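# Chains, contacts and geometry: an overview
Chain by chain, the residues:
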Amino acid sequence: MKGYILRRLLSLIPVLFVVAVVVFLLMHITPGDPAAVILGPEASPDEIAELRENLGLNRPVTEQFVSWFGGVLQGDLGNSIFMKQPVLQAFFEHLGPTLSLAIMAQILAIVVAIPLGILAAKFRGSFLDQTFMGISLLGISIPSFLLGLFLILLVGVELKWLPVAGYKPLNDGLWNHIKYLILPAIALGSMQAALIARMTRSSMLDVLNANYIKTARSKGVKESFIVIKHTLRNAFIPILTIIGHTFGTLVAGAAVVETVFNIPGIGQLIINSVERRDFAVIQGSVLLIAVSYVLINLVIDLLYGVIDPRVRLGRK
Amino acid sequence: MQNLLTTEQLNSLKSEMKKKHRDLLVKRFFSNKLALFGSILMTVIVLLAIISPFFTSFTPYELDPVKRLQPPGAEHFFGTDNYGRDLFSRIVNGARVSLIIGFAVAIITSILGMIIGLYSAYYKKLDGVLMRISDGLMAFPAILLAIAIMASLGPRLENVIIALVIVFTPSVARTVRSAALVVKEQTYVEALRAQGASASRIIWLNIATNVLSPLIVQATFIFADSIIIEAALSFLGAGIPAPDPSWGNLLYDGKTVIFNAWWMTLFPGIAIMLSVFGLNLFGDGLRDLLDPHTTKAKK
């Protein structure tokens, strides 16, 4: 297991390096002078020159990268020009709502999708199965922000059941907190749920036909025990993969859904920064999200090793 | 010697077999009802985008403040927006924007992904470098990377295409590479190499032709994803600049008046949904047809 962990950790180094290079280059692919773009058309040449100096844009690109990268390694992501505060601080101030939303969407998706996937696999080819799978195909075709808008139209404008905009932190009471996040979480979680349900169904089907399941049945093991203990455990690796690989999509999707529901999270931070051309904030946020995506996938890869010993022993 | 065929006969036999094979594929495609439905849906959307400007009496930019926010009716099929512009012609024009972007991105990523994928499958040293770069790019969630690139390049149609090409090329390259690796190990490729065929001849004449099926299938899904991301980008204000009609811009306008004018959100939304749904069905059908081994539940 130690060797496996070490190999996975080493393989992260080139990926993270490429991530850093891409994020660094984001500011440099701007057509024209980034400093002029940041300050807008009304800035005087002196102001532009001063900002160029502050951002270090007059130095050679490789030198800029080394100093930027050095800062990143020490946790310094630069300062927001408009908010006059370190990017890291701004990011963490906005992280709460996004994380709450992403976690709620993920829980919702798992709670709905895994039982449905199991049922669909158990009753393969039935009306139930076909209905679930049809709905899930539709679920994949509706982008989350669009579903959010539809939910606002239906639940917010027509039925008036739930608030359609805004955010209440956890300090305002649990129900208040959840109430504002229900619609966004449904919007964000449904594509996730569709993917997980389809994956659960197909990997359950693979396992349900295996010989050891037949053996268990012929021994007279209870069917519910077979499904949960024998099948689900072995079907869990592909399900876990989907959950892990889509986590990044979920956080990025949260950023878009936040805009629909006016939730003050990372998404709004990034979108506001795009409008103001506040590059440091965009770079820092994108970097942090990509790195956490890589790390989450690392954790999931290591979990494989725990669930399935073949993974840690077999692979080179 | 008499029962041997002449080259001519052999060629005609070959082309006949090819035709039969093609007929079989076409027949199988049409027997897949969902795929057929998907392709009909796409054909209707494409046709609408091309011919309807000749039929509507309104241009997508024509302002008419007196007729602001009119609900759907006889004169304005889908109603009007908050500037009194005809929503139907704006949606149809938005379809053209979405289709241009989706098509351009699918084609360009296919070409680039094919070149990168084929060469990294063939040359081991290149493979290490190229695949690490693609791993790095794939660590970014697609929408987020697209937003970040658009923030640097500025909102323009061409830039949306560039951003999406950067976002999607790595995954195409990976697909091509993994298909090419399988082909590369086959005996006939080894035989060609032994005969002294040049690397580029093997890559382009023998390997490339065998990775086309998965490539085409993936291009369809990228088409659909591009439509979604363009809509999201424009909705967030980082895509196609206003007042040009794109589905994302229409949704952005619609959101400001969502409590008064449901049609401004519903109709563009349905347009996006139908085209993505159609493309997904079409892609699923193509995959079942061209590549029966892959599991259906993958996407």
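Conventions used here
- Within every chain, residues take consecutive numbers counted from 1 along the sequence as written.
- Numbering of ligands from 1 and lettering of chains from A proceed in the order in which they are written.
- Given that this is a predicted model, residues contribute local features only at a pLDDT of at least 70 and side-chain atom pairs are listed and counted only at 80 or more, while totals for whole chains, interfaces and linings are drawn from all residues.
- Derived side-chain values reflect all non-hydrogen atoms in the structure, with water molecules and hydrogen atoms excluded from consideration.
- Helix and strand assignments come from DSSP, with helices taken as H or I runs of at least 4 residues and strands as E runs of at least 2, each series counted from the N terminus.
- The buried label applies to any residue whose accessible area, calculated with a 1.4 Å probe on protein chains only, is under 20% of its type's maximum; exposed applies above 50%, and partly exposed to all values in between.
- Here the accessible surface of atoms and residues is derived via Shrake-Rupley with a 1.4 Å probe, and residues count as covered only by protein chains that are part of the display.
- Working convention for charge: Lys and Arg count positive, Asp and Glu count negative, and His plus the chain ends are omitted.
- Charge positions are represented by NZ for Lys, CZ for Arg, CG for Asp and CD for Glu.
- Only heavy atoms enter the contact rule, under which two residues are in contact if any of them lie within 4.5 Å.
- By convention, the term buried area covers the 1.4 Å-probe accessible surface removed from two parts as they join, with the contributions of both added.
- Each salt bridge in this description consists of a side-chain nitrogen of Lys or Arg and a carboxyl oxygen of Asp or Glu lying within 4 Å of one another.
- The definition of a polar contact used here is a pair of N or O atoms within 3.5 Å, where within protein one atom must be able to donate a hydrogen and the other to accept one, and adjacent residues in sequence count solely through side-chain atom pairs.
- Residue polarity is assigned by list, with Asp, Glu, Lys and Arg as charged and Ala, Val, Leu, Ile, Met, Phe, Trp, Tyr, Cys and Pro as nonpolar; anything else, Gly included, falls into the polar class.
- A pair of aromatic rings is counted whenever rings of Phe, Tyr or Trp (Trp by its six-membered ring) have centres within 6.5 Å, and the orientation is called stacked for planes under 30 degrees apart, edge-to-face for over 60 and tilted otherwise.
- To sit over a ring, a charge needs its Lys NZ or Arg CZ within 6 Å of the ring centre and within 35 degrees of the ring normal.
- Exposure above 30% relative accessible area and the absence of a salt bridge qualify a residue for a patch, where like charges join within 9 Å and nonpolar side chains (Val, Leu, Ile, Met, Phe, Trp, Tyr) within 5 Å.
- Simply put, an axis is a line fit to the C-alpha atoms, just over the touching stretch for a helix, and the angle between two N-to-C directions goes from 0 to 180 degrees.
- Each angle is binned into one of four classes, with values under 35 degrees roughly parallel, values over 145 roughly antiparallel, values of 65 to 115 roughly perpendicular, and all other values oblique.
- Scored from 0 to 100, pLDDT records how confident the predictor is in each individual residue.

### Focus on the overall build of chain B
When its secondary structure is counted, chain B shows 11 helices and zero strands. For chain B, the sequential pattern of α-helices and β-strands runs α-α-α-α-α-α-α-α-α-α-α. The dimensions of chain B, computed from C-alpha atoms along their principal axes, are 85 × 45 × 30 Å. Looking at chain B as a whole, 51% of its 299 residues qualify as buried. When the accessible surface of chain B is totalled, it reaches about 14,800 Å², and 67% of it is carbon and sulfur. Distance from the positive charge centre (27 side chains) to the negative charge centre (20 side chains) of chain B: 8 Å.

### Re the overall build of chain A
Check the secondary structure of chain A and you find 14 helices and zero strands. Counting from the amino terminus, helix and strand elements in chain A follow one another as α-α-α-α-α-α-α-α-α-α-α-α-α-α. The principal-axis extent of the C-alpha atoms belonging to chain A is close to 85 × 55 × 35 Å. For chain A, buried positions account for 51% of its 316 residues. Accessible area of chain A: about 15,300 Å², with a carbon and sulfur share of 66%.

### Digging into the interface of chain A and chain B
Taken together, the contact pairs 46 residues of chain A with 45 residues of chain B. The junction of chain A with chain B conceals about 4,000 Å² of combined surface from both sides, 82% of it contributed by carbon and sulfur atoms. The tally of links from chain A across to chain B stands at zero salt bridges. Summed over the shared surface of chain A and chain B, the result is six residue pairs in polar contact (both at pLDDT 80 or more). Those elements giving two or more residues to the side of chain A that touches chain B turn out to be helix 1 (2–28), helix 6 (127–141), helix 7 (144–159), helix 8 (174–208), helix 11 (247–261), helix 12 (266–276) and helix 13 (279–307) of chain A. Sort the elements by how many residues they give to the side of chain A that touches chain B and helix 1 of chain A lands first, with eight residues. Its residues assigned to classes, the side of chain A that touches chain B shows 37 nonpolar, seven polar and two charged.

### Points about the pattern of salt bridges
On inspection of all chains with the given rule, the structure shows 10 salt bridges over all chains. Across the pair A:Arg59 and A:Glu63 runs a salt bridge whose closest N-O atoms are separated by 3.9 Å. By relative accessible area, A:Arg59 is classed as partly exposed at 36%. Looking at A:Glu63, the relative accessible area reads 39%, which means it is partly exposed. In this structure, B:Arg132 and B:Asp135 form a salt bridge, with 3.2 Å as the shortest nitrogen-oxygen distance. Of this pair, B:Arg132 and B:Asp135 are both found in helix 4 (residues 124–138), three residues apart, which corresponds to roughly one turn of the helix. A single network of salt bridges, built from pairs that share partners, joins A:Lys122, A:Arg217 and A:Glu223.

### Looking at the packing of aromatic side chains
As enumerated under the stated definition, the model contains 14 aromatic pairs over all chains in all. Between B:Trp262 and B:Phe267, the ring centres sit 6.0 Å apart and the planes meet at 55°, which makes this aromatic pair tilted. Each member of the aromatic cluster is reached from another via a ring pair, and the members are A:Phe17, A:Phe24, A:Phe65, A:Trp68 and A:Phe69. One residue, B:Lys184, lies across the ring of B:Tyr122, its end atom 6.0 Å from the ring centre.

### Digging into the side chain of A:Ser136
All names here are of chain A. Along the chain, Ser136 falls in helix 6. When its relative accessible area of 5% is taken as the criterion, Ser136 is described as buried. In contact with Ser136, not counting residues within four places along its chain, are Ala194 and Arg198.

### Considerations on a nonpolar patch on the surface
Residues and elements named next belong to chain A. A cluster of nonpolar residues, Leu99, Ile103, Ile107, Leu108, Val111, Val112 and Ile186, forms a patch on the protein surface that exposes about 570 Å² of accessible area. Tallying contributions element by element places helix 5 (residues 87–122) first for the nonpolar patch, with six residues. As for its position among the elements, Val112 is in helix 5.

### Considerations on the packing of helix 11 of chain A against helix 12 of chain A
Residues and elements named next belong to chain A. Two elements in contact, helix 11 and helix 12, have axes separated by 7 Å at closest approach and are oriented at 85°. Between helix 11 and helix 12, the angle is such that the two are roughly perpendicular. Of the residues in helix 12, those in contact with Ala255, Glu258 and Thr259 of helix 11 are Ile266, Gly267, Gln268 and Ile271. Tallied by class, residues from the contact of helix 11 with helix 12 come to three nonpolar, three polar and one charged.

### Comments concerning the confidence of the model for chain B
All names here are of chain B. Confidence along chain B averages 84 in pLDDT terms, with 94% of residues attaining 70 or more. Here helix 1 (residues 7–31) stands out as the element of chain B with the lowest mean pLDDT, 80, in contrast to helix 6 (residues 157–184), whose mean of 92 is the highest. Low confidence marks residues 294–299, where pLDDT is under 50. Its contacts with residues over four positions away, or in another chain, come to 15 contacts. Reported for the predicted complex are a pTM of 0.85 and an ipTM of 0.84.

### A word on unusual backbone geometry
All names here are of chain A. Positioned with a positive phi, Asn262 is a non-glycine residue whose angle comes to about 50°. Along the chain, Asn262 falls in the loop between helix 11 and helix 12. One non-glycine residue, Arg277, lies in the positive phi region at around 55°. If you trace the backbone, Arg277 turns up in the loop between helix 12 and helix 13.

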